[in-house]
Amino acid sequence: MNNLPVSDSRFSYLLSTLQQIAQDILAHAKKGGATACETNVSDGFGQNVTVRQSAVETIEYNRDKGLSVTVYIGQKRGHASTSDFSPQAISDTVAAALSIARYTANDDCAGLAEAELLAQTYPHLNLYFPWELNVEGAIELAKECEQAAYEVDKRITNSEGATISVSESQFIYANSLGFMGGYPLSRHSISCAMIAEQGDSKQRDYWYSVARDAADLEAVESIGKKTGMRSAARLGARKIATCEVPVLFEAPIASGLVGHFASAVSGGNLYRKSSFLLDSIGKQVFASDIQILELPHLHKGLASGAFDDDGVATVERKVVENGIVQGYFLSSYSARKLGLRTTGNAGGTHNLIMQNAAPMRFDALLKKMGTGLLVTELMGHGINAVTGDYSRGASGFWVENGAISYPVEEITIAGNLKDMFQGILAIGDDVIVRGSKQCGSVLIDRMTIAGG
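Residues numbered from 1 in each chain as written. Predicted model: local features only at pLDDT ≥ 70, side-chain atom pairs only at ≥ 80, totals over all residues. Heavy atoms only, no water.

(A) Molecular detail of the pairing of strand β1 (residues 36–52). β1 sits mainly inside the fold: 13 of its 17 residues count as buried. Where β1 folds back on strand β2 (residues 55–73), the antiparallel hairpin that results is connected by two residues, among which Gln53 adopts a positive phi of roughly 55°. In the sheet, β1 pairs with strand β4 (residues 156–175) via 14 bridges, with the strands oriented antiparallel. Bridging from a neighbouring strand, Val49 pairs with Ile164 of β4. (Buried < 20%, exposed > 50% of the residue type's maximum accessible area, 1.4 Å probe, protein only. Helix = DSSP H or I, 4+ residues; strand = E, 2+ residues; numbered from the N terminus. Pairing = 2+ DSSP bridges.)

(B) How the structure looks around the confidence of the model for the chain. The predicted model of the chain averages 94 in pLDDT, with 98% of residues at 70 or higher. Element-level pLDDT for the chain is lowest in strand β18 (residues 437–438), with a mean of 94, against a maximum mean of 98 in strand β12 (residues 324–325). Counted against residues more than four places away or in other chains, residues 1–8, with its pLDDT under 50, gives 20 contacts. (pLDDT = per-residue confidence, 0-100. Contact = heavy atoms within 4.5 Å.)

(C) Fine view of the environment of Ser266. By the element assignment, Ser266 lies in the loop between α5 (251–264) and α6 (267–271). Once the C-alpha coordinates of Ser266 and Tyr328 are considered, the two residues, 62 residues apart in sequence, prove to be 5.9 Å apart. Within polar-contact distance, the side chain of Ser266 engages the backbone oxygen of Ala262 at 2.6 Å. (Polar contact = N/O pair within 3.5 Å; in protein donor to acceptor, adjacent residues only side chain to side chain.)

(D) Here's a closer look at the state of the cysteines. Evaluation of the coordinates by the stated rule reveals zero disulfides. For the unlinked cysteine Cys109, the closest cysteine sulfur is that of Cys37, found at 20 Å. Under the relative-accessibility criterion, Cys109 is labelled buried at 13%. (Disulfide = S-S within 2.5 Å.)

(E) Geometry of the side chain of Glu168. Following the sequence through the fold, Glu168 ends up in strand β4. Accessibility expressed as a relative area gives 0% for Glu168, which makes it buried. Separated by 2.5 Å, the side chains of Glu168 and Arg10 make a polar contact. A distance of 3.1 Å separates a polar atom in the side chain of Glu168 from the backbone nitrogen of Trp131.

(F) The arrangement of the side chain of Asp205 in detail. With respect to the element layout, Asp205 can be found in strand β8 (residues 201–211). Of the residues examined, Asp205 reaches a relative accessible area of 5% and is grouped as buried. Residues contacting Asp205, with those up to four places away along its chain left out, are Cys192, Ala193, Met194, Thr227, Arg230, Ser231 and Arg234.

Next up, the structure:
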């Protein structure tokens, strides 16, 4: 089996080659009549190894490259992309973008970011850590992970597999205002999913870890054990009667609440007026002790970035302070549509962290809840972006007198995100970092539980 290439030649192209391609694109666009142009050129590879029931199930290896070009002729915009880096393909792609622009209507908000907002210098954020893991090594890690899950409980009878993933990429963004920047990135993961069985009851659960640096990944044995324990704990799940009780969202899914907020105050939804949080700056949206920080310069951060997809410098800020919204998430385009200034969020958010002054241990959260529902899995996408109405399938555990009593399934939890944000009673200290939004477990004062 072939190993991954060693670090100095891991990518198919040198970063300087991507820079030259970007310069060529800008030159072609100018020659073709574009008044402005921007481009993104990237190159990367990945390796995924899955083991199921101690046997290798899949070995996948991919190499990807691509470039996209956006040209402006006045206020007309055209976009095209290709995965072919040959000179002819680059020329044809720019020509296609120019052709599209000529037939597009004027858009007063179209154009590059303002020159003074572009990142002039930027910090080194430690976002690239090559994982020189050969296929044999990945197979061994996956086997250890799965075996650890089997050993937890004899009721673990089957496996959906353990997967070891390596992903590394690099990019260059450049525009005709003279900006050019880019750097390599890595994102590695270990995941496991198991099936537990007892009598007629079958349950599955999973656990995974993601990091820029493989050294920061949770140990394979720990991931396996958690997967096994979580799967077995769900056996004997019951339905419950309809009720209105406090709900505790476990940390891995609680971060989704931050995501719903970010979506509601993102430029695209705001200027289309498809948000339940229109005109929310300066308004109390969360409980008064809640803070949400955006930290784009966190070293090794999964959503860190020195500049956004427009080349605008990213900045650390408080998005929510004492429950009050301080800012939106805007790109250059959405900012112009709203008559505001970009926040450096073209392409998304950067390490959003929701917290309060006194994070609680998980057992303390259960005690504070008393009797209610601990949600460990959500299903479906029943969220109305315009009204904030929230209704999703769920499973988890019924809690009585501050202790987990029994597993529950086939229920629906419902409420409105406005009420849920205001009703946050406590946040846990059990933060799990898996993406761009982070928080511990979140306790909400009351939601409607529709049971069987």
